[in-house]
Amino acid sequence: MGDEFSGQPVVAAVDSVLQKTAQELASALQLTYVGVVSDVKQAVDPLLLWVTFEGFKLQQTGKKAPGPVWADFVTGAVAHRRKFGGGSGQMIAKAVGIKGGVRPTVLDATAGLGKDSFVLATLGCEVTMTERSPVVHALLADGLARALQDEEVADIAQRMSLQQANAIEYITQMNQAQRPQVIYLDPMFPHTEKTALVKKEMRIFRDVVGDDHDASGLLEAAIEKAIARVVVKRPRKSPTINERKPSYQLEGKSSRYDIYALSKLA
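Residues numbered from 1 in each chain as written. Predicted model: local features only at pLDDT ≥ 70, side-chain atom pairs only at ≥ 80, totals over all residues. Heavy atoms only, no water.

Some thoughts on the overall build of the chain
Line of reasoning, step 1. Scanning the chain from terminus to terminus reveals 9 helices and 11 strands.
Line of reasoning, step 2. Residue burial in the chain is summarised as follows: out of 266 residues, 48% are buried.
Line of reasoning, step 3. Long-range contacts, defined here as pairs at least 24 residues apart, represent 62% of the contacts in the chain between residues at least 6 apart.
Line of reasoning, step 4. When the accessible surface of the chain is split by element, carbon and sulfur atoms take 49% of a total near 13200 Å². (Helix = DSSP H or I, 4+ residues; strand = E, 2+ residues; numbered from the N terminus. Buried < 20%, exposed > 50% of the residue type's maximum accessible area, 1.4 Å probe, protein only. Contact = heavy atoms within 4.5 Å. Areas by Shrake-Rupley, 256 points an atom, 1.4 Å probe, with all protein chains shown as cover.)

Have a look at this one:
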């Protein structure tokens, strides 16, 4: 159903004991609260911001509904990557300049569900995340709060901070002391038919957040404020933002990193 849906989710609780939390969330986000929904297959609304015992989840509904989208730093794919992901040999680590004792401060200006931020924090970086969508920010804040309560990842989560903000405004308003060494961008671009059937996570994100039509302005603001470099994650065959040539690129099987080097990392 998410492919046809466009707009904001409604808020529901999976159980009556979570109704107060769900009502408060709906009020904070100015979304409609629809009560208890225990079975997404029977739900009336196409998209839920679902308050469950595991955490807040963005959940499509209907008989063929895929699994939920949520910020989970403790289990699943993120946990596997933390344990077996390749450490500082990962391409993202090389892109932001992690090597030896160098662990740059990073602003992840398009945080999404925070997966890349978590990888960088796992490797020792202090990471600030900005997310402009109130719904995605709520998912992130919930995931971060749960991570801080988990003894395995609490120390990693402590290196992550979260701001709800328009990234361009946030970057533009940073003073000298706030400037990060690296600004990391992973903007969501208008998709083509070839990429329309992307992962469920991206489909739902497009429904709720929309595309990043201001990516060119974001890149220019980042280059103006980053101390050492700006890193842009892109699909491997996509054009550079604004046709602005990077200093160099790192290319993987499906994605690449465009690196705009400004000064030496130390």
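Still to come is the rest of the account.
What about the pairing of strand β6 (residues 127-131)?
Line of reasoning, step 1. Taken across its 5 residues, β6 has 4 buried, putting it largely inside the fold.
Line of reasoning, step 2. In this sheet, β6 lies alongside strand β5 (residues 106-108) in parallel orientation, the contact comprising 3 bridges. Within the sheet, the bridge partner assigned to Val106 lies in β6 and is Val127.
Line of reasoning, step 3. Running through helix α4 (residues 115-122), the crossover from β5 to the neighbouring parallel element β6 is right-handed.
Line of reasoning, step 4. With 5 bridges connecting them, β6 and strand β7 (residues 160-164) associate as parallel partners. For Met129, the partnering residue across the bridge sits in β7 and is Leu162. (Pairing = 2+ DSSP bridges. Right-handed = clockwise from strand over helix to strand, strands pointing away.)

Section: the packing of helix α2 (residues 76-84) against α4
Line of reasoning, step 1. Closest axis-to-axis distance for the α2/α4 pair is 10 Å, and the angle between their directions is 30°. Our classification of the angle between α2 and α4 gives roughly parallel. Crossing handedness for the pair α2 and α4: right-handed. In contact with Val78, Arg81 and Arg82 of α2, α4 contributes Lys115, Asp116, Phe118, Val119 and Thr122. (Axes fitted to C-alpha atoms, helices over the stretch in contact; angles between N-to-C directions. Parallel < 35°, antiparallel > 145°, perpendicular 65-115°, else oblique. Left-handed = near helix turned anticlockwise from the far one by under 90°.)

Let's talk about the sheet that holds strand β4 (residues 56-60)
Where strands meet in a sheet, backbone hydrogen bonds hold them as pairs that are either parallel or antiparallel.
Line of reasoning, step 1. Read from one edge to the other, the open sheet built from 4 strands follows the order β2-β1-β3-β4, with strand pairing classed as mixed. Each edge of the open sheet carries a strand with a single partner, namely β2 (33-36) and β4. Strand-to-strand twist of the sheet, defined as the mean angle between neighbouring strand axes without regard to direction, takes the value 30°.
Line of reasoning, step 2. One ladder, built from 4 bridges, connects strand β1 (residues 10-13) with strand β3 (residues 47-51); its direction is parallel. Paired with Ala12 across the strands is Trp50, a residue of β3.
Line of reasoning, step 3. With respect to the sheet, helix α5 (residues 134-148) is in contact with β3 and β4, its orientation differing from that of β4 by roughly 135°.

Looking at the nonpolar core
Line of reasoning, step 1. Core analysis: the largest hydrophobic core is formed by 62 residues, its most contacted members being Leu49 and Leu58.
Line of reasoning, step 2. Sorting elements by how many residues they give to this core places α5 first, with 6 residues.
Line of reasoning, step 3. Among all residues touching Leu49, those that are not within four sequence positions of it are Pro9, Val10, Val11, Ala12, Leu25, Leu29, Leu31, Lys57, Leu58, Val135 and Leu139.
Line of reasoning, step 4. Core analysis: the second largest hydrophobic core is formed by 18 residues, Ile171, Leu185, Ala221 and Val230 among them. (Core = buried A, V, L, I, M, F, W, Y, C linked by side-chain atoms within 4.5 Å.)

A look at the sheet that holds β7
Line of reasoning, step 1. On the basis of which strands lie adjacent, the open sheet formed by 7 strands has the order β7-β6-β5-β8-β9-β11-β10 and mixed pairing. For this open sheet the edge positions go to β7 and β10 (248-251), each flanked by a neighbour on one side alone. With strand direction ignored, the average angle separating the axes of adjacent strands in the sheet is 20°.
Line of reasoning, step 2. Strand direction decides the pairing type here: strand β8 (residues 182-185) and strand β9 (residues 229-235), joined by 4 bridges, are parallel. Bridging from a neighbouring strand, Leu185 pairs with Val232 of β9.
Line of reasoning, step 3. Packing of α4 onto the sheet brings it into contact with β5, β6, β7, β8 and β9, and relative to β6 it is tilted by some 175°.
Line of reasoning, step 4. On the sheet, helix α9 (residues 215-225) packs against β8, β9 and β11 (255-261) and is oriented at approximately 165° with respect to β8.

Considerations on the pattern of salt bridges
Line of reasoning, step 1. Counted under the stated rule, the structure contains 8 salt bridges.
Line of reasoning, step 2. With a shortest N-O distance of 3.3 Å, Asp214 and Arg132 are connected by a salt bridge. Within this pair, whereas Asp214 is found in the loop between α8 (200-208) and α9, its partner Arg132 is found in the loop between β6 and α5, the two being separated by 82 residues in sequence.
Line of reasoning, step 3. For Arg132, a relative accessible area of 31% translates into the label partly exposed.
Line of reasoning, step 4. Put simply, Arg146 and Asp142 hold a salt bridge, and the shortest N to O gap is 3.1 Å. In this pair, Arg146 and Asp142 are both assigned in helix α5, 4 residues apart and thus about one turn of the helix distant.
Line of reasoning, step 5. The class of Asp142 is buried, set by a relative accessible area of 13%. (Salt bridge = Lys/Arg side-chain N within 4 Å of Asp/Glu carboxyl O.)

What to know about the environment of Thr240
Line of reasoning, step 1. One can find Thr240 in the loop between β9 and β10.
Line of reasoning, step 2. C-alpha separation for the pair Thr240 and Tyr257, spaced 17 residues apart in sequence, amounts to 9.9 Å.
Line of reasoning, step 3. Other than its neighbours up to four places away in sequence, Thr240 contacts Pro246, Gln249, Arg256, Asp258 and Tyr260.

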